[in-house]
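Examination of the molecular architecture
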Amino acid sequence: MLDRVNTEVLKFKKSGIRKFAEAASQIPGVVSLTIGEPEFNTSDLIKGAAKEALDDNHTHYPSGQGLLSLRQAVAAFENKQCNMDYKAEEVIITNGSTEGLAACFLALLNEGDEVIIPQPMYVTYQPMIEYCKAKLVPLDISSSDFQIDEGALRALITEKTKLMVITSPNNPTGVVLNKKSLDVIKAVALEHRIFVISDDVYHQLVYAEHFDKLSDDVELRHLLIVAQSFSKPYAMTGWRIGYLLADAPIAAHINMIHSYLVTGISTFTQVASIKALNEDTSQVRELYRQRLIRSMQILDDYKIDYVKPEGAFYIFIKIGEFGMDSETFCNKALHTYKIALVPGIYFNTSKDEYIRISYAVKENDLYEGLRRLGVMVKELRDEKNR
Ligand SMILES: Cc1ncc(COP(=O)(O)O)c(C=O)c1O
């Protein structure tokens, strides 16, 4: 009966990251550095709040947009972080940021619209954009230190450009966009009335004391949609809860599609998530920072080149010198060296010469995985020089 289904969905491919993670789990002794999720569990405080919410019978349908109490807490939290003035009506509670992002694409894009996204990019954007019959226009930033070059961006603008998606810190590179890059995006967005989605899911995991962001720019407010998530900073990936922030008319517009997609997000989860917003994430951030420092030291010792990350929990490692594509490299790593890595090509890279590791995995796995990668690189180099 597949000849009768929506053919757009037939074009979807299974997530490469999941494919590799699943293959890895079938092979005994494999150390996996694939999945971008904290190894920690959700804090007892948040879990306790969920149990309490169940006992208090927060078990009925929520409003589609989200509980007012959570939306108020989110607005207060974001306004404090970003010095903005969002109101509860401008917040939508979503099923992770994944659903929030999908709702944005569905609500904003018409057939033929163009969406500019710096490349490499997170994996879920492209399928949803293409589902809307819009066109993904990648902006190659690999030769500008993964920052935005004004000329390169302007060269991609057409009358069909509707949206830009900005991910800072980035998945897979961990790079934080600097002020110059953000100024260029802002200027172009204002000039051409282009929406900007700022995917902020790693905002609490930036290692610098201060960093520039679009989400605090009042002048861009009418064009800006912020996608956020409880997943990464609070180790709540399995709760599936996140949120969107947008100017009132745009929020109401996105909420139309969001409500039909999900009806609402589970009520007791929303009650507990209010507690999460009070959690101090600085210790987790420091822990990841220490891991990153040690991981970079190990990579430096093995003379393995990588893009220097400033946030999130990924390292994008260069493998171009070995003359094989990233899937071949990762297959070899998996079957011969028993390390699971993610091929860079899954992130829509312009050149297929990177692999991604996540350092959110268990610490022992991380260092053992890097050691195995070091052995692999050494053997490949020895082979090449023979
Ligand atoms: C850049 C980026 N955006 C969004 C997500 C989706 O996260 P969630 O749906 O758990 O909020 C991820 C997850 O890895 C991500 O890396």
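Quick look at a nonpolar patch on the surface
A grouping of L2, V5 and L10 is seen on the molecular surface, where their side chains present a nonpolar patch of about 280 Å² in accessible area. Considering the arrangement of structural elements, one finds L2 in the segment before α1 (7–10).

Remarks on the domain arrangement of the protein chain
When the parts of a complex come together, some accessible area is lost, and that lost area is often taken as the interface size. The domains assigned to the protein chain are domain 1 (10–36 + 281–385) and domain 2 (44–276). If you average the C-alpha positions of domain 1 and of domain 2, the two centres end up 26 Å apart. Each side of the interface is counted separately: domain 1 has 27 residues, and domain 2 has 29 residues. Contact between domain 1 and domain 2 buries roughly 2,400 Å² in total, counting both sides, with carbon and sulfur atoms accounting for 62%. Counting across the interface, domain 1 meets domain 2 through zero salt bridges. If you look at where domain 1 meets domain 2, you find 16 residue pairs in polar contact (both at pLDDT 80 or more). Only α11 (282–301), β10 (314–318) and β13 (354–358) provide two or more residues apiece to the side of domain 1 that touches domain 2. Looking at which element gives the most residues to the side of domain 1 that touches domain 2, the answer is α11, with four residues. Residues that form the side of domain 1 that touches domain 2 fall into these classes: 15 nonpolar, six polar and six charged.

Comments concerning the nonpolar core
Ranked by size, the top nonpolar core spans 129 residues in total, and within it F105, I225, F230, F329, L341 and L373 carry the most contacts. Counting contributing residues per domain, this core is built from domain 1 (10–36 + 281–385) and domain 2 (44–276), each supplying no fewer than three. The residues touching F329, leaving out its near neighbours within four places in the chain, are I319, F322, M324, L341, I355, L373, M376 and L380.

A short note on the environment of Y359
Along the polypeptide, Y359 turns up in the loop between β13 and α13 (363–385). Of the residues examined, Y359 reaches a relative accessible area of 0% and is grouped as buried. Along the chain, Y359 and M1 lie 358 residues apart, while their C-alpha atoms are 43 Å from each other. Residues in contact with Y359, not counting those within four places in the same chain, are Y207, Y288, R291, L292, S295, G311, A312, F313, Y314, I315 and L366.

Here we look at the side chain of D217
With respect to the helices, strands and loops of the structure, D217 is situated in the loop between β6 (195–199) and β7 (224–229). Within polar-contact distance, the side chain of D217 engages the side chain of K186 at 3.0 Å. Beyond its immediate chain neighbours, meaning those up to four positions away, D217 contacts M84 and K186.

Description of the site of the ligand
Taken together, 13 residues lie around the ligand, and T98, Y202, S229, S231 and K232 are the ones closest in. Separating an oxygen atom of the ligand from a side-chain N or O atom of Y202 is a distance of 2.6 Å. Taking S229, its side chain carries an N or O atom lying 2.6 Å from an oxygen atom of the ligand. Examining the composition of the shell around the ligand, we find that three residues originate from one element, helix α5 (residues 96–108), more than from any other.

A look at the pattern of salt bridges
As a working rule, side chains carrying opposite charge can pair if their charged atoms are close by. Within this structure, the stated rule accounts for 19 salt bridges. A salt bridge links K186 to D217, with the nearest nitrogen and oxygen atoms 3.0 Å apart. On the criterion of sequence distance, the pair formed by K186 in helix α8 (residues 179–192) and D217 in the loop between β6 and β7 is long-range, its members being 31 residues apart. D217 carries the same exposure label as K186, and that label is buried. Residues participating in the shared-partner salt-bridge network are D85, E90, R221 and D247.

Cut-off values and rules
Residues numbered from 1 in each chain as written. Predicted model: local features only at pLDDT ≥ 70, side-chain atom pairs only at ≥ 80, totals over all residues. Heavy atoms only, no water. Patch = residues over 30% accessible without salt bridge, like charges linked within 9 Å, V, L, I, M, F, W, Y side chains within 5 Å. Areas by Shrake-Rupley, 256 points an atom, 1.4 Å probe, with all protein chains shown as cover. Salt bridge = Lys/Arg side-chain N within 4 Å of Asp/Glu carboxyl O. Helix = DSSP H or I, 4+ residues; strand = E, 2+ residues; numbered from the N terminus. Domains from an automatic or database assignment. Contact = heavy atoms within 4.5 Å. Buried area = accessible area lost by both parts, 1.4 Å probe. Polar contact = N/O pair within 3.5 Å; in protein donor to acceptor, adjacent residues only side chain to side chain. Nonpolar A, V, L, I, M, F, W, Y, C, P; charged D, E, K, R; others polar. Core = buried A, V, L, I, M, F, W, Y, C linked by side-chain atoms within 4.5 Å. Buried < 20%, exposed > 50% of the residue type's maximum accessible area, 1.4 Å probe, protein only. Near = heavy atom within 4 Å.

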